[in-house]
Amino acid sequence: MYRQLMPANEPRRPPAAGFTPMEVMIAMVILSVGILGVFSMQIRAINQNAAARMQTEATALAAQHMELLKAVPFDHTMLSADAGLNPHAAPRGAFTLQWTVTTPTVSPADVYRDLSVKIVNLTVTCANPNFQPVQLSFVRGHGQM
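Report on the accompanying structure.

Calculation rules
Residues numbered from 1 in each chain as written. Predicted model: local features only at pLDDT ≥ 70, side-chain atom pairs only at ≥ 80, totals over all residues. Heavy atoms only, no water. Pairing = 2+ DSSP bridges. Helix = DSSP H or I, 4+ residues; strand = E, 2+ residues; numbered from the N terminus. Axes fitted to C-alpha atoms, helices over the stretch in contact; angles between N-to-C directions. Contact = heavy atoms within 4.5 Å. Core = buried A, V, L, I, M, F, W, Y, C linked by side-chain atoms within 4.5 Å. Buried < 20%, exposed > 50% of the residue type's maximum accessible area, 1.4 Å probe, protein only. Salt bridge = Lys/Arg side-chain N within 4 Å of Asp/Glu carboxyl O.

### Observations concerning the sheet that holds strand S3 (residues 116-126)
What the four strands build is an open sheet, ordered S1-S2-S3-S4; its pairing is antiparallel. The strands lining the two open edges of the sheet, one partner per strand, are strand S1 (88-92) and strand S4 (134-142). Across this sheet, the average inter-strand angle for adjacent strands is 20 degrees, counted without regard to direction. With eight bridges joining them, strand S2 (residues 95-102) and S3 adopt antiparallel strand pairing. Note that in S3 the partner of Leu97 across the bridge is Val124. The sheet strands contacting helix H1 (residues 21-71) are S1, S2, S3 and S4, and the helix crosses S4 at an angle near 10 degrees.

### Notes on the nonpolar core
Of all hydrophobic cores here, the largest spans 21 residues; its most connected members are Leu69, Phe95, Trp99, Val120, Val124 and Phe131. For this core, the secondary-structure elements that each account for two or more residues are H1, S2, S3 and S4. Top element by residues in this core is H1. It accounts for six residues. Beyond its immediate chain neighbours, meaning those up to four positions away, Phe131 contacts Met54, Gln55, Ala58, Phe95, Val124, Thr125 and Cys126.

### Comments concerning the pairing of S1
Inspection of the sheet shows S1 paired to S2 by five bridges, in the antiparallel sense. Among the inter-strand pairings, Arg92 is bridged to a residue of S2, identified as Phe95. Hairpin remark: S1 followed by S2, antiparallel, with two residues in the connecting loop; positive phi at Gly93, about 65 degrees.

### Some thoughts on the pattern of salt bridges
Evaluation of the coordinates by the stated rule reveals one salt bridge. The salt bridge involving Glu57 is made with Arg53; its shortest N-O contact spans 2.9 Å. Of the two residues, Glu57 and Arg53 are both situated in helix H1; the distance of four residues between them amounts to about one turn of the helix.

Structure below.
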């Protein structure tokens, strides 16, 4: 084995400055994985924000429709407990309102006396897979207590 020695009076060259192509490629892979993670979080945040907006709209729509049902006369068809009309439905844009009206089969005489009672269960649904249905219920009475 032969080894060539540098002459002592010749200056040494400093090592080359910069990065090797392999170091650059590894850095690019790490950066790409980080950017993909940020994009994924951004997309999820946008979807969750849209779902929250739809949930808020549905809750407001349900409250508004519940107030409408409270305002109509007790014997109105919107408050009919007839099996042929239940469940009632009303499309509102991207949402569908559905409500069922029932009359209690057992009413203690000492509680309701001459009071007629209807129980209304209102549900708002949407075709969006991120949407959770909104449900509200109330009791509507008519008569003297």
